[in-house]
Amino acid sequence: MEIKSYPQVGEVLYKEVLWNGLTVYYLPKPDFNKTYGLFTTNFGSLDTTFVPRGQTDMKTFPEGIAHFLEHKLFEKEDGDAMNFFSSLGASSNAFTSFTRTSYLFSTRENIAPNVALLMDFVQDPYFTQASVEKEQGIITQEIQMYQDDADFRLFFGLLQNLYPDSALASDIAGTPQSIREISAEDLYDNYRTFYHPANMTLFLTGPFDVSNLSVLVHQNQADKKFDAISEIQRAPFVSGKQKRSNEITFDVTIPKLALGFRGYNTLPSDDMVRFEYKLAIQVMLTMILGNTSSQYEKLYNQGQIDDSFGFDFEVTPHYQFASMTADTLNPTKLAKILRETLKSYKIGSDFNLAQLNIIKKEMLGDYYKAINSLEFIANQFSSNLFEGVTFFDFPTILSDLTLEKIEYHADNFTAEMVSTDFIMQPKA
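Now for a quick tour of the structure. (Residues numbered from 1 in each chain as written. Predicted model: local features only at pLDDT ≥ 70, side-chain atom pairs only at ≥ 80, totals over all residues. Heavy atoms only, no water.)

**Looking at the overall build of the chain**
Looking only at helices and strands, the chain features 15 helices and 16 strands. Along the longest, intermediate and shortest principal axes, the C-alpha atoms of the chain span 65 × 50 × 40 Å. By the burial criterion, 54% of the 428 residues in the chain qualify as buried. In the chain, 79% of the contacts between residues at least 6 apart in sequence involve partners at least 24 apart. Per element, the accessible surface of the chain, about 19,400 Å² overall, is 49% carbon and sulfur. Averaging the coordinates of the 35 positive side-chain charges in the chain and doing the same for the 55 negative ones gives two points 4 Å apart. (Helix = DSSP H or I, 4+ residues; strand = E, 2+ residues; numbered from the N terminus. Buried < 20%, exposed > 50% of the residue type's maximum accessible area, 1.4 Å probe, protein only. Contact = heavy atoms within 4.5 Å. Areas by Shrake-Rupley, 256 points an atom, 1.4 Å probe, with all protein chains shown as cover. Lys, Arg positive; Asp, Glu negative; His and termini not counted. Charge placed at Lys NZ, Arg CZ, Asp CG, Glu CD.)

**Concerning the pattern of salt bridges**
A full pass over the atoms with the stated rule returns 14 salt bridges. Where Arg 339 meets Asp 421, a salt bridge forms, and the shortest distance between an N and an O atom there is 2.8 Å. In this pair, Arg 339 is assigned in helix 11 (residues 331-343) and Asp 421 in strand 16 (residues 418-426), connecting sequence segments 82 residues apart. We note that Arg 339, like Asp 421, is buried. (Salt bridge = Lys/Arg side-chain N within 4 Å of Asp/Glu carboxyl O.)

**Comments concerning the layout of surface pockets**
The computed volume of the second largest pocket comes to approximately 470 Å³. Taken together, 23 residues line the second largest pocket, and the ones lying closest to its centre are His 67, Glu 70, His 71, Ala 94 and Glu 142. Element by element, the count of residues in the lining of the second largest pocket is highest for helix 4 (residues 129-147), at 5 residues. Across the lining of the second largest pocket, the residue classes tally to 10 nonpolar, 5 polar and 8 charged. (1 Å grid on protein atoms, 1.4 Å probe; cavity = no way out; pocket = protein on both sides within 12 Å on 5 of 7 lines; lining within 4 Å. Points joined across faces, edges and corners; volume = space filled by probe spheres on them. Nonpolar A, V, L, I, M, F, W, Y, C, P; charged D, E, K, R; others polar.)

**Topic: helix 15 (residues 403-416)**
Over its 14 residues, helix 15 extends 20 Å from the first C-alpha to the last, a length consistent with the 20 Å expected when each residue adds 1.5 Å. Leu 403, Ile 406, His 409, Ala 410, Phe 413 and Thr 414 are the residues of helix 15 that are buried. Tucked inside the fold, the buried residues of helix 15 contact strand 13 (256-262), helix 9 (271-289), strand 14 (310-315), strand 15 (320-327), helix 11 and helix 12 (353-370). (Expected span 1.5 Å × (residues − 1).)

**Describing the environment of Thr 60**
Mapped onto the elements of the fold, Thr 60 is located in strand 6 (residues 59-60). Between the alpha carbons of Thr 60 and Phe 50 there is a distance of 6.7 Å; along the sequence they are 10 residues apart. Excluding its chain neighbours within four sequence positions, the residues that come into contact with Thr 60 are Thr 48 and Thr 49.

**As for the packing of helix 1 (residues 65-73) against helix 4**
Two packed helices can be described by the angle between their axes and the distance between those axes. Interhelical geometry of helix 1 versus helix 4 gives an angle of 120 degrees and a closest axis separation of 11 Å. Considering the angle they form, helix 1 stands oblique to helix 4. Considering the relative orientation of helix 1 and helix 4, their crossing is right-handed. Here helix 1 contributes His 67, Phe 68, His 71 and Lys 72 to the contact with helix 4, which in turn contributes Ser 131, Val 132, Glu 135, Gln 136, Ile 139 and Glu 142. Among the residues forming the contact of helix 1 with helix 4, the class breakdown is 3 nonpolar, 4 polar and 3 charged. (Axes fitted to C-alpha atoms, helices over the stretch in contact; angles between N-to-C directions. Parallel < 35°, antiparallel > 145°, perpendicular 65-115°, else oblique. Left-handed = near helix turned anticlockwise from the far one by under 90°.)

**Notes on the sheet that holds strand 15**
Taken together, 5 strands build an open sheet; the order of strands is 12-16-13-15-14 and the sheet is mixed. Two strands close off the open sheet at either side, each with one partner strand: strand 12 (245-250) and strand 14. Averaged over all pairs of adjacent strands, the angle between their axes in this sheet comes to 15 degrees, without regard to strand direction. Pairing of strand 13 with strand 16, which is carried by 7 bridges, proceeds in the antiparallel orientation. Considered in strand 16, the bridge of Lys 256 is made with Met 424. Here helix 11 sits on the sheet in contact with strand 13, strand 15 and strand 16, set at roughly 30 degrees to strand 13. (Pairing = 2+ DSSP bridges.)

Structure, rendered in structure tokens:
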């Protein structure tokens with residue numbers, strides 16, 4: 001078992017890779033009274049075209065199948081897995097993103113039985129065509145509910161502009177039509193391909209003994225049979241060229257703007273540098289547009305933005321984009337100002353060492369405050385897991401960021417970025 005210490009955050013992380021390829025992380029937290037488990041497969045809504053395990057040809061499955069599979073795994077022949085967790089004093093849940101699907105529990109008692117249950121219910125699929133058809137109605141209602149959410153529609157409208165004709169432009173849950181096309185056989189094809197232990201990670205944190213829990217995990221996996229480890233053949237991520245602009249009417253009181261910048265530059269191949277790249281762009285955006293920047297204060301005082309204004313930077317091996325959203329009376333004017341602010345970030349008054357130090361202190365403060373939550377640690381650890389780099393490397397990488405490093409990464413991004421906007425106007 002590998003043991004890695006993170007003195008800056010006072011954590012010790014244990015890692016082992018089992019004979020079947022399953023990677024297990026243990027983060028003991030002796031001062032906590034709660035245990036949190038997260039079982040994650042590298043399988044999300046982008047994975048719709050691949051070679052199913054045991055077959056030879058690429059096959060495309062309906063959009064939303066990863067999310068559909070997440071729903072169906074809780075249903076067992078003898079009941080609902082959520083009820084099993086409840087009987088052990090635990091709460092459970094799951095979520096699907098573009099690239100991952102995670103199952104989780106939290107509990108203050110029965111740690112070992114709950115860990116075993118987490119692995120057992122995820123690794124024991126039970127699908128019938130009748131139960132699939134029943135679930136189609138439930139998920140269709142969920143999809144329709146989100147379609148009535150203005151901020152949800154705004155975000156996916158932006159993605160449809162940034163990455164048209166791609167899986168990224170589609171609702172993670174799919175569409176009512178694509179959901180109706182899913183069969184029990186499709187679910188088994190996807191399950192056998194992506195739920196092999198070699199494609200999965202188990203993260204456990206809480207007041208437990210690592211050795212005892214490791215023995216339990218080993219025994220649990222030894223009692224099960226798995227196919228041989230093989231590489232998953234996924235179709236490459238493809239997308240059409242970004243659209244320049246799009247506008248719709250919706251049931252909102254004031255217009256909404258979503259401004260996006262798609263990066264076309266080559267991402268760093270080294271995991272640590274890629275983590276630094278992601279953080280550098282986020283810090284740069286915070287310096288020039290965060291609530292301590294002069295530009296934020298100016299736009300706020302002018303009434304161009306309000307507290308709804310926000311921004312983010314997403315990067316994966318498949319795509320990267322910066323996004324800015326706001327409720328604003330003049331979305332076209334605000335979009336122009338924000339474009340110019342980003343393109344000329346270096347000559348703006350907020351890109352300086354004093355502002356960088358303020359942002360670093362704020363981000364580190366938020367980080368140390370957040371890591372008192374096991375749920376936050378587990379979720380962030382899973383979503384920010386690069387090979388050899390973890391969520392706990394965040395303070396070191398942030399502390400080492402200099403203006404020169406930020407400028408180097410930001411120049412790479414802004415030199416080849418292309419912008420688009422999506423505007424939502426109130427209905428007349």
